Amino acid sequence: GGFAPYTVSSTAAPVLAVTPVGPNSGAVGTKAYVSATVNARDYTRGVRWTSSAPTIATVSSTGVVKRLAVGTATITATLPGTTVAVTGTTTVTVA
């Protein structure tokens, strides 16, 4: 006999935290980096990244922020596959 299959389920709601890696502000043309954790585990590549102002700063699927123009943009990470929206944000300033 083998082992019976089992399922591990968590009753804890996912907590998504977005953290800038380095300074939040910088000059046009420089890059910034953001990371995401879900319940304290790295999930930077598992979230969907968006920018509130893509003409000011864009963000890649791996958390690389490109500063394009002077201003402020909110970078949001959204956890896919959840029944309730789970998001986290940080602000990037371009000077």
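Parameters and conventions
Residues numbered from 1 in each chain as written. Predicted model: local features only at pLDDT ≥ 70, side-chain atom pairs only at ≥ 80, totals over all residues. Heavy atoms only, no water. Helix = DSSP H or I, 4+ residues; strand = E, 2+ residues; numbered from the N terminus. Buried < 20%, exposed > 50% of the residue type's maximum accessible area, 1.4 Å probe, protein only. Contact = heavy atoms within 4.5 Å.

Asks: Could you clarify how one ought to interpret unusual backbone geometry in this entry?
Replies: Peptide bonds are trans in most cases, and residues, glycine excluded, mostly fall at negative phi. With a phi close to 50°, Asn39 is a non-glycine residue in the positive phi region. By the element assignment, Asn39 lies in the loop between β3 (31–38) and β4 (41–42). Given a relative accessible area of 37%, Asn39 falls into the partly exposed group. In the Ramachandran plot, Ala40 falls in the positive-phi region, its phi being about 70° despite a non-glycine side chain. Take Ala40: it is sitting in the loop between β3 and β4. Judged by its relative accessible area of 73%, Ala40 is exposed.

Asks: Teacher, can you tell me more about the environment of Pro20 here?
Replies: Within the fold, Pro20 resides in strand β1 (residues 16–21). With a relative accessible area of 29%, Pro20 lands in the partly exposed category. Distance in space between the C-alpha atoms of Pro20 and Ile75 is 9.7 Å, their sequence separation being 55 residues. Not counting residues up to four positions away in its chain, the partners in contact with Pro20 are Tyr33, Val34 and Thr90.

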